[in-house]
Amino acid sequence: MAQAKKLIEVAMPIKEISAESVRDKSVRHGHISTLHLWWARRPLPVCRAVVFASLVPDPMDKNCPEVFKDAIKIILGKENNIGDPYKPYDDIPYTVAIDKMEDNLRNRLMMFIGKFSNEYSINEKSGKTTPSAKLISNSSLVKSENKNNEIILTKARKLIWVAHNSQVGKTATELLLNFDQHYKSIKDAEYELYNTTDRHKISTAVVSKEIVLQNAISGFLDKMPRVFDPFAGGGAIPLEAARLGCYSFGNDINPVAHIIQKGSVEFPQKYGKPIIYSKSEFINIYGEKEFQKITNENIVFKNGQAEEVIIQNRISFDVKFFAQALLAHTEKEIGKYYPADEKGVKPVAYYWVKTGTCSNPSCRAEVPLLKQFYISKRRGVSEKQWVYFKPIIVGKQIDFEIKSGKFEEEGWNNRGNLKCPICGNITDVKEIKRQSKEGLLKDRLIAVIEESKNGKIFRTPTIDEISIVDKIPKQEIPGEKIQKNSAGGDTLSWGITKWGEMYSNRQLLVMHSLIRMKKENLLPDTITDKEYRNAINVYLAFLIDRIAMRNTRHNTWHLQQDTIEKVFGRQAISMVFDYPEMNPFSTFTSSAYSQLDQILDYINEESSCFNISICQNAASGDKSQFTRKYLDVVVTDPPYYDAIAYADLSDFFYVWMKRTLANDFPLNFATPQTPKSDECTALKHHHNGDYEKAKEHFEYKLYQIFDAIESQTKEIVSIMFAHQSTEAWTTLCNSILKAKMNITGSWAIETENTGGLKQDKAFLASSVTVSCTPTERKGYGEFKEVKTEIEKTVAKEVDELYRLGFRGADLLTACFGQAVSEFGKYEKVEKADGSEVTVAELLEMARESAFNALLKGFVGDDFTKFYIGWLQLYSFAESDFDDAAKFSRVGLSIDVAELFTEHILIKNGNKQTLGGFQERLQANRNTGEKTSSFLIDQVHRTMALYMGTNRMALLQYIGKVAANPESSFWRVVTSLCEVLPSGSEDYKQATGLITNKESLIRESKSVQPIVQGQGNLFQ
Ligand SMILES: C[S@@+](CC[C@H](N)C(=O)[O-])C[C@H]1O[C@@H](n2cnc3c(N)ncnc32)[C@H](O)[C@@H]1O
């Protein structure tokens, strides 16, 4: 029997998923991204939605199994859900017209994935904003708060279960009963095991209970689909697949990513469970002092005597206990290097500046390389409370006082060039770099930061605080190299070529001491399970990594918040001249203890699921990893071409993980640095600077991986891609098509916060998810026919996405998927001359079709067409020069240079923006003066006249160019009203003209025709 299409091939609630995905970036507590840094993480809501929609069929498909339709009726119907939360909208909230969404099974399924809340619908109608946490209804699967909601998750798991088992000949009720039985056996087995006192000790009873639980989980998973992510990164997709009850697999080539995955998608779910200790065993492991801290509700009393201790989350408790011990032991050993002041107060941080030597031979002053003098400009406080370094210069000695107030003097460091405050000489950045390379730049302590009830206090350091660092024994500098041209940013040219050189001696002391303490038998022998010990060690290593990120000479100080910025604020390490150094043992927000809290929050939040993901540290693309068609679905998020140098960047962590975890995970840390050559990225510095080779490598790797996936996967391959360049898309599409798959669905889902869907921006704020299936090709396609099909499909897509608020690069990119799906139906598409159409040509055609679709039905000269089309795509936002060149070619005969001479586009460096009417008339006051002028020029001139005070001139001009209400002039004004950003001055004038159109035309008829010299805009 033919297979029904999956929901993802047909429909997705993309507005709703987008809203929650954008919000996900601000969800912090216990969020996967707060456990350990990884780059380009996908938001959890989009991952959950894509996995779910890739697994369930479209209930409106004629081949959809009846049992699945019945299951939707039971699970999402009115009868079993108080208040009917999955009822499709009575009036779709984000559309202007009143439109009811049909109450059918597909729409119910969509509403289950994501539905806007009633509050949002009401606010939207009355023009009020809704807080992001309240946009989506509490019954939606994608809602962040529902990640542990058993009721919602069970609905999703049941729907997947029924879809997956629909061919076994059972009714929906029977299948659901079967689900309940399997699920119950897991819960029963968990209960049995977790209520066994001292289950950490191996005994026959414990082992047999563990086997019962394992069998129950396997029995359940055997009836659920297998989902694989070949580029698992930080683990968002495997996490969501496991949460939905699937067999979840993930690969990543990078050892750091792999360990992060273990800590995210394996250990909390496996070990974050309750444990009961006998009192004696508890004391044996943790000591009497720890027992005293246990509250009564977690103690089991028998005959008034404490007999047992209940720990709700075993691994969270252990990580907290051993991490605190690690920090306490380390502090005991090295805390003396962070001395308290005379009142016994310990600083929370220190502030350092590098000094360079003035190149003037008669000066040679040691000058602090400060770009400016403030250390605090806290948000919300008055200028009087700002804090700055006031220079005190005596002879050639430069010191500072710390003062409050405003101090706007220019700094002494301008892009690395030193301006000497003593002799006025400029020392060139090249000379400062030389000094840096030769180790001649010195680090000078200029402030000590303490915490008080009223915020941070900044004071000058004491002699002891300055001299103590010289008493620290010289620490070993880890020698692993920073990669050229990538993660290194500009540090290499400053002579910082090894990761270890990013740290001061005291900072290295912290790192080495933590690592040594961790190794020195921190975990007692009473914890015998090796795997469990490894799991605790992973979190201790995460803690050390988190400290490393905040404990370098490349961190920066956030002036408005008085906090330390972590080193990867950007995706590269920059040279820094003045930097904060935290006291890791203090109460500071960046301190080691607060880092530990974040780790514990994640473990506690993600422990409730019974199901782990199975992750491999391997390069994907190995056909033998899974047997043919072993997997049901692949959901993945490949690297975005050359956007992120994962392996190079992650060496920052590899350096420390190698030292903290190599004993526990020897195979993962066998290489000196992270493996680079098999990484699927297009980085030219990995190919001796050869860009073509880098591209070839990326394309080949991607193809190889998709080819393996095609043979291993039965149903759907869903790929998320966030790159906007046509080149990156060409590679992606080529690899998909070469692997004999074709795109069957394509969705743009917003993932970045751009201030709401209605605000037009020119950068890619969305990622596009394409769903692919293995495909039988039709043979040859004729270019002309395929082109017509593409135009039709793209036009439909443009209409829909435009209606949903997508603009610019997002809108264009989303059309690529649709174009490829038409193209990919054929083995080959040939032009009339017999040559083959390439994917690159195809995507160009898709852009062209999208642009034309946006101009559909618009009559006017080419410049006006261009103006309206551009406005729809980019609004008044900045865009690249290339885009102007491309669009001027799209079906219009315009020379791109003219766009600038006519001030349609205004140049800003190598970027450009669209000219508004005021800018255009300021640039050329004669714009639109002639009857033969472009329509857009005439409209802009009219807008300027309408805004001005010379009504006579306005009426005369209207009489000349717009006396006919049906004229193209008025059609352009109407189009502008539809596409101009509503707050803009242009919008105000255009709507004013339209509102007063009739009276303006009428009055224009009663004025004298225009004569030369009249119609002056500036009267
Ligand atoms: C875009 S990231 C995935 C991010 C992930 N979805 C998340 O939310 O964290 C792509 C990942 O692919 C991995 N990767 C690159 N080449 C690979 C290869 N040949 N095999 C397996 N993984 C690879 C990178 O290490 C990186 O973690």
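**Overview of the overall build of the protein**
Scanning the protein for helices and strands turns up 34 helices and 28 strands. Relative to its length of 1019 residues, the protein is compact, with a C-alpha radius of gyration of 33 Å against a globular reference of 31 Å. Along the first, second and third principal axes, the C-alpha atoms of the protein reach 100 × 95 × 60 Å. Counting the 1019 residues in the protein, one finds 59% classified as buried. Taking all contacts inside the protein whose residues are at least 6 apart in sequence as the whole, residues at least 24 apart take part in 72%. Counting every atom, the protein has about 42100 Å² of accessible surface; 50% of that belongs to carbon and sulfur. Between the averaged position of the 130 positive side-chain charges in the protein and that of its 130 negative side-chain charges there is a distance of 2 Å.

**Topic: the packing of aromatic side chains**
This model, assessed by the stated rule, comprises 59 aromatic pairs. Between the aromatic rings of Phe220 and Phe610, the centroid separation amounts to 5.4 Å while the plane-to-plane angle is 85°, which identifies the pairing as edge-to-face. Residue Phe220 is found in helix α9 (residues 204–221), and its partner Phe610 is found in the loop between α19 (592–605) and β19 (613–616); the two are separated by 390 residues along the sequence. When the centroid spacing of 4.7 Å and the interplanar angle of 45° are considered together, the rings of Phe282 and Tyr286 count as tilted. With Phe282 and Tyr286 both in helix α12 (residues 279–286), this residue pair falls 4 residues apart, about one helical turn. In this structure Tyr286 comes out as buried when scored by relative accessible area, which is 6%. An aromatic cluster is defined as three or more aromatic residues linked by ring pairs; in this entry it consists of Tyr351, Phe373, Tyr374, Trp386, Tyr388, Phe389, Phe400, Phe407, Trp412, Phe458 and Trp557.

**Concerning the pattern of salt bridges**
Scanning all chains against the criterion turns up 57 salt bridges. Among the ionic pairs, Arg48 bridges to Glu240, the shortest N-O distance being 2.6 Å. Taken as a pair, Arg48 in helix α3 (residues 44–55) and Glu240 in helix α10 (residues 236–243) lie far apart in primary sequence, 192 residues in all. Taking the relative accessible area as the measure of exposure, Arg48 reaches 1% and is therefore buried. A relative accessible area of 0% means that Glu240 is categorised as buried. In this structure, the salt-bridge partner of Glu822 is Lys825, at a minimum N-O distance of 3.2 Å. Overall, Glu822 belongs to the buried group, its relative accessible area being 11%. A relative accessible area of 31% means that Lys825 is categorised as partly exposed. A cluster of three or more residues bridged by salt bridges with shared partners is formed by Arg48, Lys147, Glu240, Arg243, Glu605 and Glu606.

**Comments concerning the sheet that holds strand β27 (residues 905–908)**
The 3 strands lie next to each other as β26-β28-β27, forming an open sheet whose pairing is antiparallel. The open sheet has two edge strands with one neighbour each: β26 (879–880) and β27. As paired elements, β27 and strand β28 (residues 911–914) share 4 bridges and run antiparallel to each other. Bridge pairing in β28 places Asn908 opposite Lys911. Contacting β26, β27 and β28, helix α26 (residues 862–874) crosses the sheet at an angle of about 110° to β28.

**Here's the deal with the sheet that holds strand β12 (residues 417–419)**
Spatial strand order, β11-β12-β13: 3 strands in an open sheet with antiparallel pairing. Looking at the sheet topology across the chains shown, the edges are occupied by β11 (413–414) and β13 (426–427). When β12 meets β13, the two strands line up antiparallel, connected through 2 bridges. Each residue of the ladder has a partner; that of Leu418, found in β13, is Thr427.

**Some remarks on the nonpolar core**
Among the nonpolar cores identified, the biggest contains 314 residues, and Phe52, Leu159, Phe568, Phe652 and Leu976 are the most heavily contacted of them. For this core, the element with the most residues is helix α18 (residues 530–549), which contributes 13 residues. With residues near it in sequence (within four places) discarded, Leu159 still touches Phe52, Val56, Phe68, Ala71, Ile72, Ile75, Leu76, Leu109 and Phe112.

**What about unusual backbone geometry?**
One non-glycine residue, Ala40, lies in positive phi territory at about 55°. Inspection of the secondary structure puts Ala40 in the loop between α2 (14–24) and α3. For Ala40, a relative accessible area of 23% gives the class partly exposed. The phi angle at Lys740 is positive, at roughly 65°, despite the residue not being glycine. Along the polypeptide, Lys740 turns up in the loop between α22 (726–738) and β22 (741–750).

**Focus: a nonpolar patch on the surface**
The grouping of Ile202, Val207 and Ile211 at the surface amounts to a nonpolar patch, some 290 Å² of accessible area in total. With respect to the helices and strands, Ile211 occurs in helix α9. Ile211 sits in the partly exposed class, given a relative accessible area of 46%.

**Section: the packing of helix α11 (residues 255–271) against α18**
Relative orientation of the contacting elements α11 and α18 amounts to 130°, with a least axis distance of 10 Å. It follows that α11 is oblique to α18 by the angle criterion. The chirality of how α11 crosses α18 is left-handed. Contacts between α11 and α18 involve Ile259, Ile260, Gly263, Glu266, Phe267, Pro268, Lys270 and Tyr271 on the former and, on the latter, Glu531, Tyr532, Ala535, Val538, Tyr539 and Phe542.

**Details of the site of the ligand**
Arg42, Gly234, Asp252, Asp637 and Cys680 are the nearest of the 25 residues found near the ligand. In the model, an oxygen atom of the ligand is placed 2.8 Å from a nitrogen or oxygen of the Arg42 main chain. Measuring from an oxygen atom of the ligand, one finds a side-chain N or O atom of Asp252 at 2.7 Å. Summarising the interface, the protein chains cover 100% of the accessible area of the ligand, which totals 600 Å² for the free molecule. A majority-of-atoms criterion places the ligand in the largest cavity. A breakdown of the residues in the shell around the ligand according to their chemical character gives 14 nonpolar, 5 polar and 6 charged.

**Topic: the packing of helix α4 (residues 66–76) against helix α8 (residues 172–194)**
Following both chains from N to C, one finds α4 and α8 inclined at 70°, their axes separated by 9 Å at the closest point. Taken together, the axis directions place α4 and α8 in an arrangement best described as roughly perpendicular. As α4 packs across α8, the resulting crossing turns out to be right-handed. Taken together, the residues of α8 that come into contact with α4 (itself represented by Val67, Asp70, Ala71, Ile74 and Ile75) are Ala172, Thr173, Leu175 and Leu176. The residue inventory of the contact of α4 with α8, partitioned by class, reads 7 nonpolar, 1 polar and 1 charged.

**Let's talk about empty space enclosed by the protein**
Using the criterion set out here, one finds 4 cavities of 30 Å³ or more in the structure. A volume near 350 Å³ is recorded for the largest cavity. Along the wall of the largest cavity there are 31 residues; nearest its centre are Phe231, Ala232, Gly233, Asp252 and Pro639. Of all the secondary structure elements, the ones that give two or more residues to the lining of the largest cavity are α10 and α21 (691–712). Here the residues of the lining of the largest cavity are counted per class, giving 17 nonpolar, 6 polar and 8 charged.

**Re the state of the cysteines**
Under the defined criterion, the tally for this structure stands at 0 disulfides. Of the cysteine sulfurs around Cys47, a residue in no disulfide, the closest is that of Cys615, at 13 Å. Take Cys47: its relative accessible area is 0%, and that puts it in the buried class. Lacking any disulfide linkage, Cys246 is separated from the closest cysteine sulfur, that of Cys609, by 10 Å.

**Details of the pairing of strand β4 (residues 299–302)**
As paired strands, β4 and strand β5 (residues 305–311) are joined by 4 bridges and run antiparallel to one another. Residue pairing across strands places Lys302 opposite Gln305, the latter belonging to β5.

**A closer look at the pairing of strand β14 (residues 442–452)**
A regular strand places its side chains so that they alternate between the two faces of the sheet. Across 7 bridges, the pairing between strand β6 (residues 349–357) and β14 is antiparallel. By the bridge assignment for β14, Lys354 is matched with Asp443. As paired strands, β14 and strand β15 (residues 455–459) are joined by 5 bridges and run antiparallel to one another. The residue of β15 that forms the bridge with Glu451 is Lys456. Adjacent in sequence and paired antiparallel, β14 and β15 are bridged by 2 residues.

**Focus: the confidence of the model for the protein**
When pLDDT is averaged along the protein, the result is 90; 94% of the residues meet or exceed 70. Note on residues 754–764: pLDDT under 50 across the span, and 28 contacts to partners over four residues away in sequence or across chains.

Reading the values: rules and limits
Residues numbered from 1 in each chain as written. Predicted model: local features only at pLDDT ≥ 70, side-chain atom pairs only at ≥ 80, totals over all residues. Heavy atoms only, no water. Helix = DSSP H or I, 4+ residues; strand = E, 2+ residues; numbered from the N terminus. Rg over C-alpha atoms; globule rule 2.2 N^0.38 Å. Buried < 20%, exposed > 50% of the residue type's maximum accessible area, 1.4 Å probe, protein only. Contact = heavy atoms within 4.5 Å. Areas by Shrake-Rupley, 256 points an atom, 1.4 Å probe, with all protein chains shown as cover. Lys, Arg positive; Asp, Glu negative; His and termini not counted. Charge placed at Lys NZ, Arg CZ, Asp CG, Glu CD. Phe/Tyr/Trp six-rings, centres within 6.5 Å; stacked < 30°, edge-to-face > 60°. Salt bridge = Lys/Arg side-chain N within 4 Å of Asp/Glu carboxyl O. Pairing = 2+ DSSP bridges. Axes fitted to C-alpha atoms, helices over the stretch in contact; angles between N-to-C directions. Core = buried A, V, L, I, M, F, W, Y, C linked by side-chain atoms within 4.5 Å. Patch = residues over 30% accessible without salt bridge, like charges linked within 9 Å, V, L, I, M, F, W, Y side chains within 5 Å. Parallel < 35°, antiparallel > 145°, perpendicular 65-115°, else oblique. Left-handed = near helix turned anticlockwise from the far one by under 90°. Near = heavy atom within 4 Å. Polar contact = N/O pair within 3.5 Å; in protein donor to acceptor, adjacent residues only side chain to side chain. 1 Å grid on protein atoms, 1.4 Å probe; cavity = no way out; pocket = protein on both sides within 12 Å on 5 of 7 lines; lining within 4 Å. Sits in = over half its atoms within 2 Å of the grid points. Nonpolar A, V, L, I, M, F, W, Y, C, P; charged D, E, K, R; others polar. Points joined across faces, edges and corners; volume = space filled by probe spheres on them. Disulfide = S-S within 2.5 Å. pLDDT = per-residue confidence, 0-100.

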